[in-house]
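Structural overview for review
Okay, here's what each chain looks like letter by letter:
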Amino acid sequence: MEAIKLIDEIREQVNVLKQQGKTVGFVPTMGALHDGHLSLIRLALEKVDAVVVSIYVNPEQFGPDEDFDEYPRQLSSDLEICEDEGVDLVFAPSDQMMYPEEKQYIRIEVDELKDHMDGASRPGFYEGIMLVVNKLFNIIEPDVAVFGQKDIQQVRILQRMVKEMNHGIELVMGPIRRANDGLALSSRNAYLNDEERLKAPALFRSLIYVKKQIEDGVDTPKLLLEHQVSELEAKGFKIDYFNVFTFADMKPAEKLTSGNKYIIAGAVYLGDTRLIDNLIIEF
Ligand code: AMP
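Here the structure is a predicted model, which means the values were calculated and not measured.

Cut-offs applied
- Counting restarts for each chain, with residues numbered from 1 along the sequence as it is written.
- Confidence filtering applies because this is a predicted model: local features only for residues at pLDDT of at least 70, side-chain atom pairs given and counted only at 80 or more, and all residues used for totals across whole chains, interfaces and linings.
- Neither water nor hydrogens contribute to the side-chain values; these are computed over all heavy atoms in the structure.
- Buried Ala, Val, Leu, Ile, Met, Phe, Trp, Tyr and Cys residues that are joined via side-chain atoms within 4.5 Å together make up what is termed a nonpolar core.
- Partly exposed describes any residue whose relative accessible area lies between the buried limit of under 20% and the exposed limit of over 50%, with all areas from a 1.4 Å probe on protein chains only and scaled to the type maximum.
- Here a residue-residue contact requires only that any non-hydrogen atoms of the pair lie within 4.5 Å.
- Strand pairing is defined by DSSP finding a minimum of two bridges between the two strands.
- Secondary structure elements are taken from DSSP: a helix is a run of H or I of four residues or more, a strand is a run of E of two residues or more, and numbering for both begins at the N terminus.
- Each axis is a line fitted through C-alpha atoms, taken for helices only over the stretch in contact, and angles between the N-to-C directions span 0 to 180 degrees.
- Residues are counted as near a molecule or strand when any one of their heavy atoms sits within 4 Å of it.
- Pairs of N or O atoms are called polar contacts if they sit within 3.5 Å, as long as, within protein, a hydrogen donor faces a hydrogen acceptor (for residues adjacent in sequence, only side-chain-to-side-chain pairs).
- Here, Shrake-Rupley sampling with a 1.4 Å probe gives the accessible areas, and only protein chains in the shown set may cover a residue.
- Here the term charged refers only to Asp, Glu, Lys and Arg, the term nonpolar to Ala, Val, Leu, Ile, Met, Phe, Trp, Tyr, Cys and Pro, and the term polar to all other amino acids, Gly among them.
- By convention in these notes, a salt bridge is any Lys or Arg side-chain nitrogen within 4 Å of a carboxyl oxygen on Asp or Glu.
- Buried and open spaces are told apart on a 1 Å grid over the protein atoms alone, a cavity being a set of points where a 1.4 Å probe fits but cannot get out and a pocket being an open set with protein on both sides within 12 Å along at least five of seven lines. Residues with an atom within 4 Å of a point are the lining residues.
- Grid points are joined across faces, edges and corners, and a volume is the space filled by probe spheres set on the points.

Moving on, we get to the nonpolar core. Of all hydrophobic cores here, the largest spans 47 residues; its most connected members are I10, F137 and I140. Setting aside anything within four residues of it in sequence, one finds I140 in contact with I10, V14, K18, V24, F26, V52 and F91. F237, V244, L256 and L270 belong to the second-largest nonpolar core, a separate cluster that totals 25 residues.

So this is what it looks like as C-alpha cells:
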C-alpha cells in the first residue's frame, strides 16, 4: 500500500470511492499506529464502505517546548498495518502540502471548552487541532469521522466544531484501548523506560478508584482527588491535572448531581513523558 501525499490526488481517489456509491469514513492520526488506532479503523469499517486514514504529525498543535521533533514516525510499518486492516486510502501529506503559505491568516478560536484540562496546559493546542482537522475534513469530506475517547476534550471540541461550522460529518467516539495492565495505549508510551512503564498504569488505577468511590455515593470528590494526587506524587508522577469535569462543558465539577455525565481525567508526567487518561461516569 502506498501513501498518497498530494491533496489533489487524495481528493481524486476519494471521489472515485464516492462515485462507486461508497460511504467514506475517516480516521485522522499522527501515525506510529497501535491497537488504539486500529480499534478506530475497525469501528469506522463497521459503519462505512471505505476508510481513509491520515498520518500527519501536525506542527501547529505542538508548543515550542513540546516533542514535535522526537514524535515517533514510522510510515512504512504504518502502511503495512493499514493494508492488513483493509484501509482503502492513506493520506500522508508533507508540511509543505498542508501549510504552503508562510503565515496562516485564518484560525478558528475555541471558547470555554478549552479553558481546563489540556487546553489550559497547552496553549494553542486546540487551535492547532481545529486548523488541521478542518483542512482534513475539507480535503476528504467524509461521511463519518472517528476519534478516540482517549482525547476526550478533543472529541467534545470537534463535536462543537462540526456543529457550528456545518461540516455535516457524523463524529463517532471510540473507546480507549488499554494494555493488559490498564495503561491507555499511546504512541508516546514508546518514550517510557522500563521503570516508568511499570509505574504508568497507576494513573488508570487512580481513575478507577475515584470512579468506584463516586459510584458508591461520593458527590464532592475534592478530598478523594487530593488523596489520589498525593499517592501519585509519592510514586514519582508530576501532576498536570487530576480532576472530575462536567461532560457538557468540560469544567471542573465540585459537586456532582444526579442525572449528569462527568469525566474523571488526569494528565501526568513520568520523567518527560506526558500521559493522559480518562473515564466517563454518569452520576
Ligand atoms: P494520535 O495519533 O495520538 O493523534 O491519535 C489519533 C486518534 O487515535 C485520536 O482520535 C486518538 O484519540 C485515538 N487514540 C489514541 N490512543 C487511543 C487509545 N488508546 N484507544 C483508542 N483511541 C486512541
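On we go from here.
Before going further, it helps to examine the sheet that holds strand β1 (residues 3–4). If you walk across this open sheet you meet the six strands as β1-β4-β3-β2-β5-β6, and the pairing is parallel. Since the sheet does not close on itself, it has two edges, and those belong to β1 and β6 (170–174), each with one partner. Looking at chain direction, β1 and strand β4 (residues 89–91) are connected through two bridges and run parallel. Opposite A3, over in β4, you have V90 as the bridge partner. Helix-sheet contacts for helix α1 (residues 7–19) involve β1, β2 (24–29), β3 (50–55) and β4, and the interaxial angle to β4 is about 155°.

With that settled, consider the site of the ligand. Residues in contact with the ligand amount to 17 residues; listed here are only the nearest, H37, G148, D151, R177 and L185. M30 places a main-chain nitrogen or oxygen 2.9 Å from an oxygen atom of the ligand. Taking 480 Å² as the accessible area of the ligand by itself, protein coverage stands at 92%. Elements with a contribution of two residues or more to the shell around the ligand: β2, α2 (35–47) and β5 (144–148). Counting residues per element, the shell around the ligand draws most heavily on α2, at three residues. Classifying every residue of the shell around the ligand gives eight nonpolar, six polar and three charged.

On to the pattern of salt bridges, then. Pairs can form between side chains of opposite charge whenever their charged atoms are close. By the definition in use, this model includes 16 salt bridges. Across the pair E60 and R107 runs a salt bridge, and its minimum N-O distance is 3.2 Å. Residue E60 is located in the loop between β3 and α3 (75–85), and its partner R107 is located in the loop between α4 (95–98) and α5 (117–121); the two are separated by 47 residues in the primary sequence. In this structure, the salt-bridge partner of E127 is K114, at a minimum N-O distance of 2.8 Å. Here K114 lies in the loop between α4 and α5 and E127 lies in helix α6 (residues 125–140), a separation of 13 residues in the sequence. When salt bridges that share partners are traced, they join D118, D240 and R274 into one network.

Our next topic: empty space enclosed by the protein. Empty space among the atoms becomes apparent when a probe as large as a water molecule is rolled across them. Scanning the model with the defined rule gives one cavity of 30 Å³ or more in all. Approximately 70 Å³ is the volume found for the largest cavity. Looking at the largest cavity, it is lined by 13 residues, and the ones nearest its centre are M117, D118, K150, Y241 and I276. Ranked by the residues each element gives to the lining of the largest cavity, the list is headed by strand β9 (residues 273–282), at three residues. Its residues assigned to classes, the lining of the largest cavity shows six nonpolar, three polar and four charged.

It is worth spelling out the environment of E170 at this point. For E170, the position within the fold is in strand β6. A C-alpha to C-alpha distance of 22 Å links E170 and I263, two positions 93 residues apart in sequence.

Right, let's talk about the pairing of β9 for a bit. For β9, a buried count of eight out of ten residues is recorded, marking the element as mostly surrounded by other parts of the structure. Note: strand β8 (residues 261–270) against β9, ten bridges, orientation antiparallel. Looking across to β9, one finds that L270 is bridged to T273. With antiparallel pairing between neighbouring strands as the criterion, β8 and β9 make up a hairpin whose turn holds two residues, including G271 at a positive phi of roughly 60°.

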